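# Summary of the model geometry
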Amino acid sequence: MTRAAGLALALAAGAVLPLVGQEPDVAAQLGRRTPPEVVRAVQAMASSASAKGLPAGPLIQKAIEGAAKGVPAERVIGAVRALADQLEAAAGALRSGGIDHPDADVVEGGAYALGAGLNVDQVRELVRTSHAPYDPAVALRVAATLAALGVSPKTTLDVVEDAINTGRSPSDLLDLPSELQARIAHGATPAQAARGLGRAAAHAPAGRPPGWAPPGQQKPHKP
Amino acid sequence: MGLAELATDREVVQAVLAGDVEQYAVLVRRYRDRFARYAARMLGSVDAAEDAVQDALVRAFDQLAQCREPDKFAGWLFLILRNRCFAERRRRAREGRPLNAQDDAVAAPDRTDGRVEQRERSGALEQALQKLTAEQREVFVLKHMDGMAYEEIAAMTGATVASLKMRMHRAYDRLRELLKGHL
Amino acid sequence: MTETYHPLVKRLLDGELSLNDLPTELRAEGAEALRLLGVVDRAPVSLPARLDARVMAEVRRRAYSPLRRAWRRLVDPRDVELRLRVRPWVVVGGALAAAAALALLVARPAAPPAGGRAVLMASRDSVYVRFILYAPDARQVSVAGTFNRWDRDAAPLVRQGATGIWTTTVALPVGQHQYAFVVDGARWVADPAAPGIDDGFGRRNSVVAVTAQGARTL
């Protein structure tokens, strides 16, 4: 990038900045040991994100993480760029899902869901289903965690939507990953464990998910 | 409880994981002596073996949910015990302590046939075994004291049969050298 | 220097051959070798009876520790062990062979909030989170994550005696955090008991979510 162009960008960013609030001091946050090319790239991406109303914090965090892990500069820049794309895609899905001005928390939740394997349509659908009193940020995080635990994105969506549609309390949503993990500890695969998870009644016997049978007596499941 | 003794390892593990901590005593009873000889030979004394087995059983409880195949609890417990024995030996080596305890040695138990010579040789072998590497000692103990086949040892320790044989054959030569004149 | 045993004699010792299978000139050596095996003490070893009681006493102590009692006040008691000990971890060779970790959350008591996100954002409360890693062969362990700028020196774990277990307790702000353990200063290890996500660098990070209304392993 030529000096003139760089200056122009800086000026443009400077013009936009007061509108979006505080620009994080990227160089200071990244620390002295971050290679200069990474600092420059992250600064540019952070400015761009802020200009679009997206949170820049996660980008800076990712760069700090890369530096701490000793990852080569090129790879760090690539990962930050991928995250920036995810944030943008998430914001788009949220807007088309009905949230006109998604805040940082729900955008990050959306990006997390995308990172865990859900696609933009699934994110959008989840947002649409999470009407009050359900918090879309929580629904997205729970879905992302279920996906991270090995449940397919489609089933993940079913589970969370089931929970919402059958009227489980919002705090019950937060329990879904633990319930899944409990079933997996009993020997179920993630797919098996996810079956009926959303619909499970709040008063199911502790430690025994519905349909639990002692080993040797379980009917074989079709995945 | 009589009935509990008939439960499989898998059933006991699942009962413990579901919250019935007292069931763990079944596994303790079942396996407390299974690897006692191995631990005693690896560490050179019954006292050390007791500590190691006790420690391994407690650790196995701590990590019970990580036991991927509850049917193979015994093998999994063995690996925990094995790690503990190897770590103990490394620790003693670092601290400069002798690897074989002179008192309470496992060698030469009371033999009613009164064969002093046998006892002496047995003691000499015991001391010689202590001078092998941990891996050589282990394969010798498992094969010639616990009577396991190479394939079984391979399955339990993760080593290949070929490498086990190599270690064993080196052990034979080393023992021959150490026991020259005793046999 | 003593000669080494002939390979056939070694096979004799392994039980693959009998003495008669050996060529005549090796039989004396074979007999000598068998005498070595003959003195092996195969007597079984019996451990003292007190071992059972000692193990169970320690097991009970761990199962009913104050930390776990506090946890049980907050969540369904039966599920405690299951929720916290989840990811089976295959024991294979290597320094981190038996690494297993738990994220144990202890929350400060708080009144249930009326709203959702508003409470999360407004609250500046921290929640104490205990990180545990089983790594008997490690020389040092720390936990690094979004809550401490991935600084591998910021949150060292302390080894608990000879158990091979390393622990530390960190106050985490409400919200979602990514983290990993750093073993011996260089090896980044995800928590096998927690959900993992791609870190973008070819490894996995673990995730823990801390909420104002209570602790959840999310």
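Reading the values: rules and limits
- Residues numbered from 1 in each chain as written.
- Chains lettered and ligands numbered in written order.
- Predicted model: local features only at pLDDT ≥ 70, side-chain atom pairs only at ≥ 80, totals over all residues.
- Helix = DSSP H or I, 4+ residues; strand = E, 2+ residues; numbered from the N terminus.
- Buried ≥ 20, exposed ≤ 12 C-beta atoms within 10 Å, placed from the backbone.
- Contact = placed C-beta atoms within 7 Å.
- Pairing = 2+ DSSP bridges.
- Nonpolar A, V, L, I, M, F, W, Y, C, P; charged D, E, K, R; others polar.
- Axes fitted to C-alpha atoms, helices over the stretch in contact; angles between N-to-C directions.
- Left-handed = near helix turned anticlockwise from the far one by under 90°.
- Expected span 1.5 Å × (residues − 1).
- pLDDT = per-residue confidence, 0-100.

## Some points on the overall build of chain C
- The number of helices and strands found in chain C is 6 helices and 10 strands.
- Per-residue burial for chain C yields a buried fraction of 43% across its 218 residues.
- A separation of at least 24 residues holds for 60% of the contacts in chain C among residues at least 6 apart in sequence.

## So, the overall build of chain B
- A tally of regular secondary structure across chain B gives 10 helices and 0 strands.
- Each helix and strand of chain B, ordered N terminal to C terminal, gives the series α-α-α-α-α-α-α-α-α-α.
- Expressed as a percentage of the 183 residues in chain B, the buried residues total 45%.

## Some points on the pairing of strand 5 (residues 165–173) of chain C
Residue and element names in this part refer to chain C.
- Relative to strand 5, strand 4 (residues 158–159) is paired through 2 bridges, and the arrangement is antiparallel. The residue of strand 5 that forms the bridge with Arg159 is Trp166.
- Hairpin connection, strand 4 to strand 5: the antiparallel pair is bridged by 5 residues, and Gly161 has positive phi, about 55°.

## Structural notes on the interface of chain C and chain B
- Across the contact, 48 residues belong to chain C and 53 residues belong to chain B.
- For the side of chain C that touches chain B, the secondary-structure elements that each account for two or more residues are helix 1 (7–14), helix 2 (27–38), helix 3 (50–63) and helix 5 (79–84) of chain C.
- When residues in the side of chain C that touches chain B are grouped by element, the largest group, 10 residues, is from helix 3 of chain C.
- In terms of residue class, the side of chain C that touches chain B is made up of 27 nonpolar, 6 polar and 15 charged.

## With respect to the packing of helix 4 (residues 36–43) of chain B against helix 8 (residues 134–145) of chain B
All names here are of chain B.
- Contact geometry of helix 4 with helix 8 gives a least axis separation of 10 Å together with a crossing angle of 140°. The crossing of helix 4 and helix 8 is right-handed. Residues Arg37, Tyr38, Arg41 and Met42 of helix 4 touch helix 8, and the partners they reach there are Arg137, Glu138, Val141, Leu142 and Met145.
- The class makeup of the residues in the contact of helix 4 with helix 8 is 5 nonpolar, no polar and 4 charged.

## Details of unusual backbone geometry
Residues and elements named next belong to chain C.
- Here Arg149, not a glycine, exhibits a phi torsion of approximately 55°, which is positive.
- Along the chain, the position of Arg149 falls in the loop between strand 3 (141–145) and strand 4.
- Despite not being glycine, Asp184 shows a phi value in the positive range, around 55°.
- Within the secondary structure, Asp184 is located in the loop between strand 6 (175–183) and strand 7 (187–189).
- Its 14 C-beta neighbours within 10 Å are what place Asp184 among the partly exposed residues.

## What to know about helix 5 (residues 73–96) of chain A
Residues and elements named next belong to chain A.
- Over its 24 residues, helix 5 runs 35 Å from end to end, which matches the ideal 34 Å to within 8%, given 1.5 Å per residue.
- Buried residues of helix 5: Val76, Ile77, Ala79, Val80, Leu83, Ala84, Gln86, Leu87, Ala90, Ala91, Ala93 and Leu94, and no others.
- Taken together, the buried residues of helix 5 touch helix 3 (36–51), helix 4 (57–68), helix 6 (104–116) and helix 7 (120–129).
- One or two residues past the end of helix 5 sits Gly98, with phi positive at roughly 115°.

## Topic: the environment of Arg159 of chain C
- Structurally, Arg159 of chain C can be placed in strand 4.
- Along the sequence, Arg159 of chain C and Arg139 of chain C sit 20 residues apart, while their C-alpha atoms lie 9.1 Å from each other.

## What about the packing of helix 5 (residues 46–62) of chain B against helix 3 of chain C?
- Direction vectors running N to C along helix 5 of chain B and helix 3 of chain C enclose 30°, while the axes themselves pass 10 Å from each other. Where helix 5 of chain B crosses over helix 3 of chain C, the two elements pack in a sense that is right-handed. Between helix 5 of chain B and helix 3 of chain C, the contacting residues are Glu50, Val53, Gln54, Leu57, Val58, Phe61 and Asp62 of chain B on the first element and Leu51, Arg54, Val55, Glu58, Val59 and Arg62 of chain C on the second.
- In terms of residue class, the contact of helix 5 of chain B with helix 3 of chain C is made up of 7 nonpolar, 1 polar and 5 charged.

## Looking at the confidence of the model for chain C
Residue and element names in this part refer to chain C.
- When pLDDT is averaged along chain C, the result is 70, and 67% of the positions lie at 70 or above.
- Confidence scores differ between elements of chain C, with helix 6 (residues 117–122) showing the lowest mean pLDDT of 23 and helix 1 the highest of 95.
- Here the predicted complex scores 0.47 on pTM and 0.82 on ipTM.

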